[in-house]
Structure formats: C-alpha cells, structure tokens
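Examining the three-dimensional arrangement
So you can see what is in the structure, the chains are spelled out below.
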Amino acid sequence: MNTDELALELYRAERRVREIQTKLHQWASEDQDRRFNDLYNLVADPGFLLVAWDRVRGNKGARTAGVDGQTAYHVEAGLGVEVFLDRLRAELKDRSFRPIPVRERMIPKPGTTKRRRLGIPALRDRVVQGALKLVLEPIFEADFLPCSYGFRPNRRAHDAVAEVRHFASRSYEWIVEGDIKACFDEISHPALLGRIRVRIGDKRVVTLVKAFLKAGILTEDGTLAETTAGTPQGGILSPVIANVALSVLDEHFVASRLDSRERAKRRNHGLSNYRLVRYADDWCLAVSGTREQAEALCAEAADVLSEMGLRLSPEKTLITHIDEGLDFLGWRIQRHRKQGTAKHYVYNYPAKKALRAVMAKIKALCWQDTNLPLAVLLHRLNSMLRGWTAYFRYGCSSATFNYVRAYLWQRVFGWLRRKHPKTTWKQLRRRYTRDGWWPAEGKVVLFNPAGVGTRRYSYRGGKIPSPWPIGA
C-alpha cells in the first residue's frame, strides 16, 4: 500500500471510528446501567487498529523501543504497516495475542531528587492499547463527572485551576490538597476490574485489559518483576483506567452535591459544603466551613480511596486556608489584597517550584558546550520557553515573566563570556545583539518571556463540549 492509499484508508477509518464512538457514547449516556457485550470485534477491527497505529506513530514515543526493540520506523522500513497490522489483527482474532513486559525507565520527578517509574510498552502492545482506548473511552466518558479534568478529551489543567479559583472566591476558603502515594503503582487490580465490569460485559475485553495489567516489568537491572497492583505509567491505556479507578472519589463527593437552597440550609445548621476538583491523581477539595470539617472530609477521602488500594501521603496531604495559598498543577492560588484598595481577590500565578524548575532548565542549557554556535543555544531555549510561557500565560504571570527574562539574559551573556573570554563587552554586544542589548545571531532571536501577554483563563464549568456530541 503506497502513501496516498494509506492516507485515504486512514481518512475513511477515522470517520468510521468517530461514528462508532459517537454511538457508543450516546448509548452509554442514555442508559447509565447498560453493559456493553460485543466490543472485542471493534478492538480487532482494521479501522480501529489503523487509527491506533496512526496515533502511536505520531507520538514522540514512537522513536522509543520497548522490550522487543521495535520502533515505528523499523515497521515502516522493514515489515510494512499493512503486514504489521494484519498480523496483529490475526493474533487478536484467534485470541493468541499476549502482551509482553514493559521496559522500565526511571526518570527524575520535576523539582525533586526522587525518581519515578516510566513503563515503555512494546510497539505492538501500544497499538492494541490504542485500539482499546478508542473503544472504552467514549463509554466511560459518559460516566465521568465534570469535576475530573486529567487526561480527558477537551479538558485541560487550566480548567481545574480555574475551578479551584472560582470556588475559593465564593466562600470555599479551606482547601484539602490531596496527594495519593504512588497512585499508578498501587491501584488494586480486583477493585479496578470490578469497576470496569460494571460497564463492560464482554469478557474478552476485560481479559485483555487484565493481561496488560499483569504483563510485568523488565527492570533496568534486567530482572523481570510481576505486577500484582497498579498500572505502568507510560502506557496509552493507563490514563483511562486510572480515571476509572479514581472516579470512585468523584462519585463519593459529587453524590452529595446540593442546590443553592440546600447548601444554605446546611450553612445555617453549621454543616459544611464542599466541591471536589481532580486532575488525574492530583485533587483538591474546596470546603466552605471550618478547618475541623475539612479534616473530617480528608479522612473520609482516605477511606474512599482505600477501596481501590490507594493511600494518602500524610506528609504531602495538606489542609490550608486560601489566605495562606496552595500549589496546584504548577500554579500558586492565593488570596491577596488588591494594590491600592481594601478589597481582597483570589489570584493564580506560577508557583515558586515551577519558577525554580524553569530556571534550572535555563541554567542547564547555558552550561553546555560553548563550542556550539549561539543560534543552536537560542533554538533550544526558545523551544522550552515558548511551551512554559504558553502554559503560564493564563494568570497573573507578568512579574514572573519579567524575572525569567532578567535571569535568561544573565545566563546567555554568561555563556557568551565563557565562549569569548578575551572579547570586550562592546564587541559582544555588536556581534551578538540586534539592538545592542537582546541576544540574537543572524535571524535567530532569543525568545523574550516578558513579551508574552497574560490574561485570565475563562472558567468553563459545565460548558465543556463532548468530543462525541449526542445528536450530531
């Protein structure tokens, strides 16, 4: 199959997959008790496998091999995509497909000296997980509640931060900052599969999910470790099934959500009101009440999570007042007095941990080999800074961006002074700047963080559209 034929086949497959996903989502939304029994044929469908291949191929991880040493490039250059997918489909159809252990890679946790485990599945396993996700996601999305934002279509971290700020501005002044200890490593398999079976009646699909959970891990020292709990972080399917497990927390706290009249009655009787905001395994419980009531709700959350084999970290789970502020998803959310007035407002701006992390990246890049041209250094810095400022532009970030700008200038010119130790300051400015001040070489100009405009992210609440609109 040539490139044009593959592109046309992919276009047709994507349209068909989207139509089937819309139907699955509609059926799941209309009947909350419906169990889906014939889904395995969709996982093994050529169209679903082709779309899953395309998404795996377009991911940066396609260049990283699993235990079998196979990458997307090797498939395209050697066996061929069509033959690879045909063989995979044949294994799924005759039930001979078996996942192989994931390759362990320990990576540093941002802002700490600790490391966390990343599991890299084999390419064939990633494609099958992608097909499983295409089938399962629209079904479980019908059950997931609006308070959950992590790894869900059309939702992002900014929505979660905006919701915390929204409620903190409206009398929900005590915040329980929940930290689940080793969430992806400790999810109970029986409890997770039990929640999956509530919606999925096809035993072949449940067996396939279980096979991925039990596939094992090939550690960095070459030993094979069994996986009796958890789901390896790094798999395509992991975020979906982790959300299935953690939605037990959403259901517990949102089940008691009341209208404004009932909330007023609770306040009059000295009872607390609360709202949960969750982004994957990071969650906050905003409480309108007292600290003691917030502590009781924290204990309640610990009991709910224990049903899934999960524990809260006593050291990292905090209860704070909005005047003291909290760090959530890289942002600092805190109430301050507005300058020049007596009024107080809740602001969000980059947390110190996020600032230290970007400064460390700038420092690391500017300590690299001075034999490189300045343009190479500027390209690397620009790529990193554009992504960082794009995330943090939706808040009160101007002061932070100006601080990063000053630090960036110092580090780049420090690199230039090491590169040309005998060159005068005047010569450096003439050679490596455009305006006599800001670093540039040729057409490559250093990105200026202070030039990025900032604005408040609009709180969307329940207005976030579904990717599979009912009736479309």
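Residues numbered from 1 in each chain as written. Predicted model: local features only at pLDDT ≥ 70, side-chain atom pairs only at ≥ 80, totals over all residues. Heavy atoms only, no water.

**Side note on the nonpolar core**
Across soluble globular proteins, nonpolar side chains have a tendency to be buried as a group. Counting 83 residues, the largest nonpolar core has I196 and W283 as the members making the most contacts within it. At 10 residues, the largest contribution of residues to this core is made by helix 6 (residues 123-141). By size, the runner-up hydrophobic cluster in this structure holds 54 residues, among which are Y279, W331, I362 and C366. (Core = buried A, V, L, I, M, F, W, Y, C linked by side-chain atoms within 4.5 Å. Buried < 20%, exposed > 50% of the residue type's maximum accessible area, 1.4 Å probe, protein only. Helix = DSSP H or I, 4+ residues; strand = E, 2+ residues; numbered from the N terminus.)

**Regarding the pattern of salt bridges**
The full count for this structure, using the stated rule, is 17 salt bridges. Between R278 and D250 there is a salt bridge, with its nearest N and O atoms 2.8 Å apart. One end of the pair, R278, is in strand 6 (residues 273-279); the other, D250, is in helix 11 (residues 238-254), with 28 residues separating them in the sequence. With respect to class, R278 is no different from D250; both count as buried. (Salt bridge = Lys/Arg side-chain N within 4 Å of Asp/Glu carboxyl O.)

**Some points on the sheet that holds strand 4 (residues 217-218)**
Strand order in the open sheet formed by four strands is 2-1-4-5, with mixed pairing between adjacent strands. Sheet topology places strand 2 (115-120) and strand 5 (224-225) at the edges, where each strand pairs with a single neighbour. Where strand 1 (residues 102-108) and strand 2 come together, six bridges link them in antiparallel fashion. Bridge assignment links R103 to a residue of strand 2, and that residue is I120. (Pairing = 2+ DSSP bridges.)

**Here we look at the packing of aromatic side chains**
In this structure the tally under the stated criterion is 16 aromatic pairs. Centre to centre, the rings of W409 and F413 are 4.8 Å apart; their planes meet at 40°, and the pair counts as tilted. Here the residue W409 and the residue F413 both occupy positions in helix 16 (residues 398-419), the gap between them amounting to four residues, near one helical turn. Residue class for F413 comes out buried when judged on its relative accessible area of 4%. With a centroid separation of 5.9 Å and an interplanar angle of 80°, the aromatic rings of W409 and W425 are classed as edge-to-face. (Phe/Tyr/Trp six-rings, centres within 6.5 Å; stacked < 30°, edge-to-face > 60°.)

These values are about where atoms sit, not about what they do.
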